[in-house]
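# Topology and contacts: notes
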Amino acid sequence: MGARILVVDDELQIRKLLKVTLQAHGFSLLESATGSDGVVCVGMERPDLVVLDLGLPDMDGTEVLRQIREWSQVPVIVLSVRDNEAQTVAVLDSGADDYITKPFGMGELVARIRVALRHAAHAPGEPVITVGDVTIDLARRLVEKDGQTIHLTPIEYDLLKAMAVNAGRVMTHHQLVRQVWGDQNYDAAAHYLRVYIGHLRKKVENDPTRPTLIITEPGIGYRLLDFS
Amino acid sequence: MQISRFLQGTSRSRHGWLPYLATTLAIGVLTILLLRVGLSFQLANIALLFLLPVLFSAARWGFGPSIYAAAVGVVAFDYFFVPPIFSFSVSDLRYLISFAVFLSVAILTATLALRLRMQVNESRQREADTAALYDLSRQMTARGDLTGILEAIVTHVYGTLRLPAWIALPADGDRMSISARAGQPPHDDGVDETICRWVYVHGDTAGRGTGRCEHTDQIYVPLKTEDVVRGVLVLDVRGQTGALLAERLRLIEAFAGLSAVSIARIQLEKEAHMARLSAESERLRTALLDSISHELRTPLAGIIGSVTGMIENEAMLTAEDRRDLLYTIRDSAMRMNRLVTNLLGMVRLESGMLSLHKRACDVSDMLGVALRQVQDSLQHRTVEVNLQGDLPPLRVDDVLIEQVLVNILSNAVKYSTDNSRIEIGAAERDGTAILTVADEGIGIPEGDEERIFDKFYRAEGAKKIPGTGLGLAICRGIVEAHGGGIAAERRASRGVRIVIRLPVD
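Residues numbered from 1 in each chain as written. Chains lettered and ligands numbered in written order. Predicted model: local features only at pLDDT ≥ 70, side-chain atom pairs only at ≥ 80, totals over all residues.

## A word on the overall build of chain A
Convention followed: Strands here are runs of E lasting at least two residues and helices are runs of H or I lasting at least four, both read from the DSSP assignment and numbered beginning at the N terminus. We call two residues in contact whenever the C-beta atoms placed from their backbones are within 7 Å.
Along the backbone of chain A there are 8 helices and 12 strands. In chain A, the share of contacts with a sequence separation of at least 24, taken over all contacts with a separation of at least 6, comes to 58%.

Structure (structure tokens):
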């Protein structure tokens, strides 16, 4: 029996689609058509993961997430739409694990679900993280690419590490700034973030203009791709 | 002019005692001169000479002084020159005939002079009126907007007539609203809206001196062209005499006529513009419907066809057929998604709902995202990226600029053949970031460099390749919202180069 996934979406077609395809991937599915029903269902059924549509008729998706987060740390993946980046960032900053933009490909959604489930399982902080041809040895603070050691400044290393321990998950600008620069003025730090992402890409990407490891999520943040 | 200036004197000193004094003096001088030298003259000649002061005063000062001159002249002539000299005698009564002649000359001359003077005055007034009207019309042609024209009218009317003036135009519903005013009447009771309305509806003048609504201190003149009343000119005529008012009314009406024509010109211009706009939007709607119905139905046909085929002929399809159909469904759906994205973008741009979330962004980053989005279709193209090393960050809405880049890159792929090259460049020059995307595709016909950015416009050679004509229009909308510009250049070899300019700040 695979993980239990609760789908909260008012569109019957989307629920049906997710049910069929996710069941085919070995998950078992629960469904709610409204936000309030979804909150209750999280309490009653204790799913392993929630797929939450942001455009529910009865409640704002942000509110559904807030009510779930009051007592549950269940991973939540939100379904957003384009041109709604501000709300997406808001739910990510208030505790959603990841997002996917409608219309989405099923492979992409399954990958997000797997990453979220793995992080939720609190896999003991693996000391060595490998993304593509880059290896990050957290115990030794060592980063290698194709076996060659890459020299990173302390901030570059912190930034890469923040993304690496969340590999596969989107990190919003706010989350990265908080983790790397702490309580510094956000606007100034957001500027540093952009600059340091550029520096990191020059060191770890094969072609910095067409990055394959550190991916920009427009209007949201960055994602270190997880190849596992 | 000499004559008119000479005659002008009459009106100025019509009621003074000076003409009489001058006449007396003139006759006195004439008498003394004649006494000194003229005793040798014949009586008839002397009598004729005494006509001179009569003529002069008649022409210059009118009836009173000329009759006086005739009387004094006859008395002086009789007393000093008719024998017995220095005395009046009964026989002198025959000189009453001379007096009658003098008198006739005086009256006739004075009448002629008066008529001439009136004509001069009238033509002078007409000349002033014409000049004022000409001035107004010249000022009004110089103004292209309604407010400007109304201002010009009231200012000019006030300046010419020294009467405070308003112009009321019809407002919403049955109301009239003051659209322009000049001059401050001593007691500003404002404009009587009822009279205003009446004048507007009936197209007749009303107010003081017009026989209608005499109780008000204002005069209401319709601004009328043919049968349409465009508005009402209101003048404050407090303290003006009836005669003066009647005299001015003609000019006021001329002003009103001229103003009406100008207002009509602006209003008709506006109507023509609206008609043009609505024709244009009608054309766009038709184009939109044609384009969308085609662009939406084509992929839908692909999806519905493939799906029904799979449902109905499930057993007959090989695994390969099935995969082909599934790819058709996926590609059709993606095409529809692109269309919907572009349509929404267009609607947002058109409705002014596009809000820019600007933040500092790296060109290379945005380019990377865009390239990633179109990476599947770029598989059979050689992409060459050429970025200036020290490009400054741009303050832009990265999501939107990426949409621009994706649209342009998609076009570069769509209109070129497999294995052709796409060159992407970015550089900064004088505070402007210049992004270029050059392809080796079918290019654009000469003269179409601007038009390809128009909504729904598709170049002749492009029409056989599916598309809505929305992509580049959206690009232009987004880039211009950022204060930048976008242009297309025909490449010397083949294909097209799209150049985006964005301000660096």
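## Some points on the overall build of chain B
Heads up, the rule is: Field definition: a residue is buried when 20 or more other C-beta atoms are found within 10 Å of its C-beta, exposed when 12 or fewer are, and partly exposed for counts in between, with C-beta atoms placed from the backbone.
Across its full length, chain B holds 13 helices and 12 strands. Counting the 505 residues in chain B, one finds 33% classified as buried.

## Some remarks on the sheet that holds strand E12 (residues 221-224) of chain A
All names here are of chain A. Definition in use: We treat two strands as partners when DSSP finds at least two bridges between them. Between the N-to-C directions of two axes lies an angle of 0 to 180 degrees, each axis being a line fitted to C-alpha atoms and, for a helix, fitted only over the stretch in contact.
What the 3 strands build is an open sheet, ordered E10-E12-E11; its pairing is antiparallel. Looking at strand neighbours, the two that pair on one side only are strand E10 (170-172) and strand E11 (214-217), the edges of this open sheet. Along the sheet, successive strands turn relative to each other by an average axial angle of 30°, direction set aside. Across the sheet, helix H7 (residues 173-181) touches E10 and E12, and the angle it forms with E10 is around 75°.

## Examining unusual backbone geometry
Residue and element names in this part refer to chain A. Pro103 follows Lys102 through a cis peptide bond whose omega is -5°. Despite not being glycine, Arg46 has its phi angle at roughly 50°, a positive value. Structurally, the position occupied by Arg46 is in the loop between helix H2 (35-45) and strand E3 (49-53). A positive phi is found at Arg141, a non-glycine position, where the angle reads about 50°. Note on placement: Arg141 falls in the loop between strand E7 (134-137) and strand E8 (142-145).

## Focus on the sheet that holds E8(A)
Adjacent strands of a sheet form backbone hydrogen bonds with each other and so pair up, either parallel or antiparallel. Residues and elements named next belong to chain A. Overall, antiparallel pairing links the 4 strands, which are arranged E6-E7-E8-E9 in an open sheet. Two strands bound the open sheet, and with one partner strand each, they are strand E6 (128-131) and strand E9 (148-150). The sheet shows a mean angle of 25° between the axes of neighbouring strands, direction not considered. Bridge analysis of E8 against E9 gives 3 bridges, and the strand direction is antiparallel. Its bridge partner being in E9, Lys145 is matched across the sheet by Gln148. The strands touched by helix H6 (residues 154-164) are E6, E7 and E8; relative to E7, the strand with the most contacts, the crossing angle is about 100°.

## Topic: the interface of chain A and chain B
As a reminder of what qualifies: Each residue receives one of three labels: charged for Asp, Glu, Lys and Arg, nonpolar for Ala, Val, Leu, Ile, Met, Phe, Trp, Tyr, Cys and Pro, and polar for the others, Gly being one of them.
Across the contact, 13 residues belong to chain A and 17 residues belong to chain B. No other element matches helix H8 (residues 186-204) of chain A, which puts 3 residues into the side of chain A that touches chain B. Across the side of chain A that touches chain B, the residue classes break down as 4 nonpolar, 5 polar and 4 charged.

## A short note on the packing of helix H2 (residues 18-37) of chain B against helix H5 (residues 63-81) of chain B
Residues and elements named next belong to chain B. Quick reminder of the rule: When an angle is under 35 degrees it counts as roughly parallel; over 145 it counts as roughly antiparallel; between 65 and 115 it counts as roughly perpendicular; any other value is oblique. Take the far helix as the reference: if the near one is turned anticlockwise from it by less than a right angle, the crossing is left-handed, and if turned clockwise, right-handed.
The geometry of H2 relative to H5 is characterised by a closest axis approach of 10 Å and an angle of 25° between their N-to-C directions. Between H2 and H5, the angle is such that the two are roughly parallel. The handedness of the crossing between H2 and H5 is right-handed. Together, Pro19, Tyr20, Thr23, Thr24, Ile27, Thr31 and Leu35 of H2 and Pro65, Tyr68, Ala69, Val72, Gly73, Ala76 and Phe80 of H5 make up the contact between the two elements. The residue makeup of the contact of H2 with H5, split by class, is 10 nonpolar, 4 polar and no charged.

## Considerations on the environment of A:Arg114
All names here are of chain A. Following the sequence through the fold, Arg114 ends up in helix H5 (residues 106-120). Residue Arg114 is classed as partly exposed on the basis of its 17 C-beta neighbours within 10 Å. Along the chain, Arg114 and Gly168 lie 54 residues apart, while their C-alpha atoms are 9.3 Å from each other.

## What to know about the nonpolar core
Here is the rule: Only buried Ala, Val, Leu, Ile, Met, Phe, Trp, Tyr and Cys residues enter a nonpolar core, and they are joined through C-beta atoms within 7 Å. These domain limits were set by an automatic method or by a database of domain assignments.
Counting residues in each nonpolar core, the largest one holds 59 residues, and the members touching the most others are A:Val50, A:Val51, A:Leu52, A:Val78, A:Leu160 and A:Met163. In terms of residue count, the dominant contributor to this core is H8(A) (6 residues). Two domains share this core, each providing at least three of its residues, namely domain 1 (4-120) and domain 2 (128-224) of chain A. Here A:Val78 is in contact with A:Leu52, A:Leu54, A:Gly61, A:Thr88, A:Val91, A:Ala96 and A:Tyr99, once residues within four sequence places are set aside. The next biggest cluster of nonpolar side chains, apart from the first, holds 43 residues, and it includes B:Ala370, B:Val399, B:Val406 and B:Ile422.

## A few points about the pairing of strand E1 (residues 165-170) of chain B
All names here are of chain B. Bridge count for E1 against strand E5 (residues 228-236) is 4 bridges, and the pairing is antiparallel. When the bridges of E5 are listed, Trp166 appears paired with Val234. As defined by bridge partners, E1 adjoins strand E2 (residues 176-182) across 6 bridges and the pair is classed as antiparallel. Bridging across to E2, Trp166 finds its partner in Arg181. Counted between consecutive antiparallel strands, the loop separating E1 from E2 contains 5 residues, among which Gly173 sits at a positive phi close to 65°.

## A few points about the pairing of strand E5 (residues 98-102) of chain A
All names here are of chain A. Put simply, the rule is: A clockwise course of the path from the first strand over the helix to the second, judged with the strands pointing away from the viewer, identifies a crossover as right-handed.
As paired strands, strand E4 (residues 76-81) and E5 are joined by 5 bridges and run parallel to one another. When the sheet's bridge partners are listed, Ser80 is paired in E5 with Thr101. Handedness of the crossover is the feature at issue here: the chain leaves E4, passes through helix H4 (residues 85-93), returns alongside E5, and the resulting connection is right-handed.

## With respect to H4(A)
For the α-helix, the turn length of 3.6 residues means that residues three or four positions removed from each other point alike. As a reminder, the rule being used: Think of the arc as the fan of directions from the helix axis to the C-beta atoms.
Residues A:Glu85, A:Thr88, A:Val89, A:Val91 and A:Leu92 constitute the buried set of H4(A). Buried residues in H4(A), looked at end-on, bunch into an arc of 165°, giving them a common side. Of the surrounding elements, those touching the buried residues of H4(A) are helix H3 (61-69), E4, E5 and E10 of chain A together with helix H12 (398-414) of chain B. One or two residues past the end of H4(A) sits A:Gly95, with phi positive at roughly 115°.

## Examining helix H10 (residues 319-350) of chain B
All names here are of chain B. The following threshold applies: The span you would expect from a helix comes to 1.5 Å times its residue count less one.
Here H10 contains 32 residues, and its C-alpha end-to-end distance of 46 Å stays within 8% of the 46 Å for a straight helix at 1.5 Å per residue. On its buried face, H10 is in contact with helix H9 (242-312), H12 and helix H13 (471-481). Where H10 ends, the next residue or the one after it, Gly352, has phi of about 75°, a positive value.

## Some details on the environment of B:Thr130
Tracing the sequence through the fold places B:Thr130 in helix H6 (residues 96-142). Expressed as a C-alpha distance, the spacing of B:Thr130 and B:Ala254, which sit 124 residues apart in the sequence, is 9.4 Å.

## As for the environment of B:Leu150
Residues and elements named next belong to chain B. Relative to the helices and strands, Leu150 is located in helix H7 (residues 146-161). Sequence-wise, Leu150 and Leu233 are 83 residues apart; in three dimensions their C-alpha atoms are separated by 10.0 Å. Ignoring anything within four residues of it in the chain, the contact list for Leu150 reads Ile167, Ser179 and Ala180.

## Notes on the packing of H6(B) against H9(B)
Residues and elements named next belong to chain B. Two elements in contact, H6 and H9, have axes separated by 10 Å at closest approach and are oriented at 20°. Taken together, H6 and H9 sit at an angle that is classed as roughly parallel. Viewed along their axes, H6 and H9 form a crossing whose handedness is right-handed. Residues Asp129, Leu133, Leu136, Ser137 and Met140 of H6 touch H9, and the partners they reach there are Leu251, Ala254, Phe255, Leu258 and Ser262. Residue composition of the contact of H6 with H9, grouped by class: 7 nonpolar, 2 polar and 1 charged.

## Examining the confidence of the model for chain B
Our working definition: pLDDT gives the predictor's per-residue confidence on a scale running from 0 to 100.
With 95% of its residues at a pLDDT of 70 or more, chain B has an overall mean of 83. With pLDDT under 50 throughout, residues 9-13 of chain B is counted as low confidence; its partners more than four residues away or in other chains account for 10 contacts.

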